[in-house]
Structures are given as C-alpha cells and as structure tokens.
Amino acid sequence: MDVEVQVAFDCADPQKLAEFWAEAIAGYAFPPPPDGYATWESWADGENIPEAERNTMRVLIDRSGKRPNLYFQQVPETKAAKNRLHLDITVSRGLSGEERTDRVEEEVARLTKLGATVVERRTPPERWVVMADVEGNEFCVC
C-alpha cells in the first residue's frame, strides 16, 4: 500500500502563509493550474467559485517529489497555543563553531525579511533559533 504524507497548516490566510513557506523552503512551489487553464484564477472563474471562497486552501509541492506536500487550510479560529508539531529548517549540517553560528544567523536574517520573527535563541551544546512564521506558527532554524 502506498502512503503519502502531507503536512497541514491551519491558518487565516492560506495564500499569504503558502507564499511565505514557498520562499522559506527551497524547492517548494505552487502546483501548475489544471490542463487548459493559464492560471488558477482562470480555473476558479471557469468553475464559478465565488471570490470569497477562493482563498480557503493552498498547496505547495516539492519540485523533486521527495518531500511531503505542504497544505494550508483556512480555519475560523486563531492560533491559541504553542504548536504540538513544527518544522525544522536545517541549514548548517556538517558545520560547527562560528561557521555554524554564521550560517544559522544568515538564514534567520533571510527569513526575518520574509516576515518571520525570532521567538527564542537556543545555545550550546546545539545552536538553533526558534522562529514564528507570518501567522505565528513556530519553526526552528538549526
């Protein structure tokens, strides 16, 4: 039996959150629109989907096909507590000391420009930074 894994995010604005993660994690992108349509907007027009219902979900796919899809679904409630599950963005594999610290900080700076915020910095024996995405979902840069 084939089993696929998809990571789902509850959120207020699927488009905004998906755009953040598409930039945050290299290799993820929005899937192309269905055959016969130049854009997802033209597909939605053809399916007569009302404007108010067009941002209820988004999906990002891994271009290499090796990692799970990221699925963003609109929910009415806001985030209320710490995530029980989070993503780690590993950028310093094989590095140590100052080189590791510099690489983590470079990634933190890049993600901050995309709208993420620093929640907490963790130090030795390991070095990582807890961050929050544009809707407050925690993730780690390590």
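The present account deals with the structure reproduced in this document. (Residues numbered from 1 in each chain as written. Predicted model: local features only at pLDDT ≥ 70, side-chain atom pairs only at ≥ 80, totals over all residues. Heavy atoms only, no water.)

1. Quick look at the packing of aromatic side chains
- On inspection of all chains with the given rule, the structure shows six aromatic pairs.
- For the pair phenylalanine 9 and phenylalanine 72, a centre-to-centre distance of 4.8 Å together with 20° between the ring planes defines the contact as stacked. Pair noted here: phenylalanine 9 is in strand S1 (residues 6-11) and phenylalanine 72 is in strand S4 (residues 69-74), with a separation of 63 residues, a long-range link. Neither phenylalanine 9 nor phenylalanine 72 differs from the other in exposure class; each is buried.
- Note on tryptophan 40 and tryptophan 43: the rings are 5.5 Å apart at their centroids and 80° apart in plane angle, and the pair reads as edge-to-face. Of the two residues, tryptophan 40 and tryptophan 43 both sit in helix H2 (residues 40-46), three residues apart, roughly one turn of that helix.
- What makes tryptophan 43 partly exposed here is its relative accessible area of 25%. (Phe/Tyr/Trp six-rings, centres within 6.5 Å; stacked < 30°, edge-to-face > 60°. Helix = DSSP H or I, 4+ residues; strand = E, 2+ residues; numbered from the N terminus. Buried < 20%, exposed > 50% of the residue type's maximum accessible area, 1.4 Å probe, protein only.)

2. Re the packing of helix H1 (residues 14-24) against helix H3 (residues 97-113)
- Taken N-terminus to C-terminus, the directions of H1 and H3 make an angle of 155°; their axes are 10 Å apart at the nearest point. Here H1 lies roughly antiparallel to H3, going by the angle between them. Every pair of crossing elements has a handedness; the one defined by H1 and H3 is right-handed. Contacts between H1 and H3 involve Phe20, Glu23 and Ala24 on the former and, on the latter, Glu107, Arg110 and Leu111.
- The residue inventory of the contact of H1 with H3, partitioned by class, reads three nonpolar, no polar and three charged. (Axes fitted to C-alpha atoms, helices over the stretch in contact; angles between N-to-C directions. Parallel < 35°, antiparallel > 145°, perpendicular 65-115°, else oblique. Left-handed = near helix turned anticlockwise from the far one by under 90°. Contact = heavy atoms within 4.5 Å. Nonpolar A, V, L, I, M, F, W, Y, C, P; charged D, E, K, R; others polar.)

3. Here we look at the sheet that holds strand S5 (residues 87-89)
- On the basis of which strands lie adjacent, the open sheet formed by four strands has the order S5-S8-S7-S6 and mixed pairing. With one partner strand each, in any of the chains shown, S5 and strand S6 (117-122) form the two edges of the open sheet. For this sheet the average axis-to-axis angle between neighbouring strands, irrespective of direction, equals 25°.
- Here three bridges tie S5 to strand S8 (residues 138-141), and the two strands are oriented parallel to one another. Across the sheet, leucine 87 pairs through a bridge with phenylalanine 139, a residue of S8.
- Docked against the sheet, H3 engages S5, S6, strand S7 (128-132) and S8, running at close to 10° with respect to S7. (Pairing = 2+ DSSP bridges.)

4. Re the pattern of salt bridges
- Enumeration according to the criterion identifies eleven salt bridges in this entry.
- Between glutamate 51 and arginine 54 there is a salt bridge, with its nearest N and O atoms 3.6 Å apart.
- Assessed through its relative accessible area of 60%, glutamate 51 is described here as exposed.
- The salt bridge involving glutamate 107 is made with arginine 103; its shortest N-O contact spans 3.6 Å. One end of the pair is glutamate 107 and the other is arginine 103, both in helix H3 and four residues apart, which spans about a single turn.
- Under the relative-accessibility criterion, glutamate 107 is labelled buried at 6%.
- Overlapping salt bridges, with partners in common, bring together Glu41, Asp45, Glu51 and Arg54 in one network. (Salt bridge = Lys/Arg side-chain N within 4 Å of Asp/Glu carboxyl O.)

Everything listed here is a matter of coordinates, which is why it stays silent on function.
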